[in-house]
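Structural overview for review
Listed below are the residues making up each chain.
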Amino acid sequence: MADTVKLFYEDTHLHEFEATVLSCQPDGDTYKVVLDRTAFFPEGGGQYGDIGFLNDVKVIDTKEKAGVVYHRTTAPLAEGEKVYGKLDWEVRFERMQQHSAEHIISGIVHNRFGYDNVGFHLGEDYCTMDFNGPITKEQLREIEIEANEAVFKDLDIQTLTPSGEELKDMEYRSKIEIEGQVRIINIPGYDTCACCAPHLTKTGEIGLIKLVDMANYKGGERINMLSGRRALKDYAAKQDNAKAIGSMLCTKENEIAVTVEKMKEEQISMKGRIMELEQQLLSFKAQSIDVSADVVSVFDGGLSGNAPREMMNILLERGAKVCAVFAGNDEDGYRYVIGSKSEDVRPLCKLLNGEFNGRGGGKPEMVQGSLKGNKADIENELK
Ligand SMILES: [Zn+2]
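Residues numbered from 1 in each chain as written. Predicted model: local features only at pLDDT ≥ 70, side-chain atom pairs only at ≥ 80, totals over all residues. Heavy atoms only, no water.

Brief notes about the overall build of the protein chain
Spelled out, the test is: In DSSP terms, a helix is any run of H or I states spanning at least four residues, a strand is any run of E spanning at least two, and both are numbered starting from the N terminus. Any two residues whose heavy atoms approach within 4.5 Å are treated as being in contact. Note on areas: these come from Shrake-Rupley sampling with a 1.4 Å probe, and a residue is covered only by the protein chains present in the view. By the counting rule applied here, Lys and Arg register as positive and Asp and Glu as negative, while His and the ends of each chain are not counted. Charge coordinates come from a single atom per side chain, which is NZ of Lys, CZ of Arg, CG of Asp or CD of Glu.
Broken down by element type, the protein chain carries nine helices and 20 strands. Projecting the C-alpha coordinates of the protein chain onto the three principal axes gives extents of approximately 100 × 50 × 40 Å. For the protein chain, the proportion of contacts with a sequence separation of at least 24, taken over those separated by at least 6, is 59%. Accessible area of the protein chain: about 21200 Å², with a carbon and sulfur share of 50%. Each charge class in the protein chain was averaged separately, 46 positive and 64 negative side chains, and the resulting centres sit 5 Å apart.

Set out below in structure tokens:
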């Protein structure tokens, strides 16, 4: 089959066109449609295939094989039919914003550090680039500023189609042997790179370039970037969030971190104070318990952490022969700790576990575990 005429190379902003259906083959639940000409860019260079419509038939993906562009549609089209193609321009434009921005960032990183872009992913929500060398946070900020300067200059993004001879002497990124015409995307002063994807024509179309995140990746860095509309959406969401938090904290948006830091310090000192008071309450409670019974049992829903054990120790110190402390309630069950200075408490532990579907154990002088039952029945068992 003859190569499809690639209108997206003639005009990267063309998003409505007329064409003739050359073939339509069913493929699973979908169809593969070939046109004589198309503005739909097939997946390549890290950029996904375009989506949109051919007449009223949905195009859900576009791919290329041996020069022929295949439009994946949800319904068949008749061979010979004239169709009106319409790209989902919002999606394509957003992708070009990310992709052209990626070239600027990769160019700056390459010129400045000599690193290569070894991985590029242009996802639906985010865009990542992997570089094979370290970048500091300060450097990342500088790269971002420099990239946005390239946007402000509103430079031409040129597409060059050099001959084989010209190509040999050319300095550009992604220099690999490619069959057929090599397309070079040139952003004067910033980047020259081989790429098969359609790009914006002016850097000003990119809008804001925001490097939102960076993480170590395979000894280098993975940078997460948002550009154009995506950056604007992200800014709006972050601003809403900052405003909401700011009003909850009664502080200015840009002072949230300082305020939260102070709150954290306050929280730490409050936690310390609560622990102190809990300790006092525990010993106060323990002092009022009668320790004369054979098994002194305490049920307290308010005891957490180490408190049951501390309560038991205080009561044993006060002379209790065997002491069993239960933390919890009838509904959710109890955590228990049982101890004695003179008796082996393991048989009692076994008895309780058997009666109340419990689990746990320990040493002769102390056991701990959990069980399910109600207070009256457990108390009865301890008598
Ligand atoms: Zn590219």
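Some details on the coordination of the zinc ion
Put simply, the rule reads: For Na, K and Ca the donor cut-off is 3.2 Å, and for all other metals it is 2.8 Å, counting N, O and S atoms only; because water is absent from this set, sites may look incomplete. For the exposure calls, accessible area comes from a 1.4 Å probe over protein chains only, and a residue counts as buried if that area is under 20% of its type's maximum, exposed if over 50%, partly exposed in between.
Taken together, His99 (NE2), His103 (NE2) and Cys195 (SG) make up the protein donors of the zinc ion, found 2.1 to 2.3 Å from the metal. Of note, the donors binding the zinc ion are all from one chain and are spaced H-x3-H-x91-C. You can see His103 sitting in helix 2 (residues 89–113) and its partner Cys195 sitting in the loop between strand 13 (191–194) and strand 14 (209–217), a full 92 residues away along the chain. The class of His103 is buried, set by a relative accessible area of 2%.

What about the sheet that holds strand 13?
Rules: For two strands to pair, DSSP has to find at least two bridges joining them. Axes here mean lines fitted to C-alpha atoms, for a helix over just the part in contact, with angles spanning 0 to 180 degrees between N-to-C directions.
The antiparallel open sheet is built from three strands, whose spatial order is 11-12-13. The sheet is open, and its two edges are formed by strand 11 (158–160) and strand 13, each paired on a single side. Direction aside, the axes of adjacent strands within the sheet are offset by 20° on average. Inspection of the sheet shows strand 12 (residues 184–187) paired to strand 13 by four bridges, in the antiparallel sense. When the bridges of strand 13 are listed, Ile187 appears paired with Asp191. Packing of helix 2 onto the sheet brings it into contact with strand 12 and strand 13, and relative to strand 12 it is tilted by some 70°.

Regarding the pairing of strand 16 (residues 295–299)
What counts is decided by this rule: Handedness of a crossover is defined as follows: with both strands directed away from the viewer, a clockwise route from the first strand across the helix to the second makes it right-handed.
With four of five residues buried, strand 16 is to be regarded as a mostly interior element. Where strand 16 and strand 17 (residues 322–329) come together, five bridges link them in parallel fashion. Bridging from a neighbouring strand, Phe299 pairs with Phe326 of strand 17. Since strand 16 and strand 17 lie parallel, the crossover through helix 7 (residues 307–317) that links them has a hand, and here it is right-handed.

Concerning the environment of Gly361
Along the chain, Gly361 turns up in strand 19 (residues 359–363). Between the C-alpha atom of Gly361 and that of Leu382, which follows or precedes it by 21 residues, the distance is 17 Å. When neighbours within four sequence positions are excluded, Gly361 is seen to be in contact with Cys349, Val367 and Gln368.

Some points on helix 7
Among all positions of helix 7, only Ala307, Pro308, Met311, Met312, Leu315 and Leu316 are buried. Looking at the packing, one finds that the buried side of helix 7 touches helix 6 (256–287), strand 16, strand 17, strand 18 (333–340) and strand 20 (366–371). Two residues or fewer past helix 7, Gly319 is found with a positive phi of approximately 115°.

Concerning a negative patch on the surface
Using the following cut-off: Excluding any residue in a salt bridge, patches collect residues exceeding 30% relative accessible area, merging like charges within 9 Å and nonpolar Val, Leu, Ile, Met, Phe, Trp and Tyr side chains within 5 Å. Salt bridge, as used here: a side-chain nitrogen of Lys or Arg that lies within 4 Å of a carboxyl oxygen of Asp or Glu.
Together, Asp330, Glu331, Asp332 and Asp377 give the surface a local cluster of negative charge. For Glu331, the location among the structural elements is in the loop between strand 17 and strand 18.

Observations concerning the nonpolar core
Put simply, the rule reads: We define a nonpolar core as any set of buried Ala, Val, Leu, Ile, Met, Phe, Trp, Tyr and Cys residues linked to one another through side-chain atoms lying within 4.5 Å.
Formed by 32 residues in total, the largest nonpolar core has its most connected members in Ile104, Ile105, Phe131, Ile135, Ile209, Leu211 and Met225. At the level of secondary structure, the elements contributing two or more residues to this core comprise helix 2, strand 10 (127–131), helix 3 (137–152), strand 12, strand 14 and strand 15 (220–227). Broken down by element, the residue count for this core peaks at seven residues, all from helix 2. What Met225 contacts, discounting residues up to four positions off in sequence, is Gln98, Ala101, Glu102, Ile105, Cys127, Met129, Ile209, Lys210, Leu211 and Val212. If you look at the next biggest cluster of nonpolar residues, it comprises 18 residues, including Leu303, Leu316, Cys323 and Val337.

Comments concerning the pattern of salt bridges
Per the counting criterion, the structure on display carries 22 salt bridges. The closest approach of N and O atoms between Asp191 and Arg173, which form a salt bridge, is 2.7 Å. Here Asp191, found in strand 13, pairs with Arg173, found in the loop between helix 4 (164–168) and strand 12; they are 18 residues apart in sequence, far enough to count as distant. By the burial criterion, Asp191 is buried, and Arg173 matches it. Between Lys285 and Asp300 there is a salt bridge, with the nearest N and O atoms lying 2.6 Å from each other. A residue pair is termed long-range when its members are at least 10 positions apart, and Lys285 in helix 6 and Asp300 in the loop between strand 16 and helix 7 qualify at 15 residues. Classification of Asp300 by relative accessible area gives buried; the value is 12%. A single network of salt bridges, built from pairs that share partners, joins Glu94, Arg229, Arg230 and Lys233.

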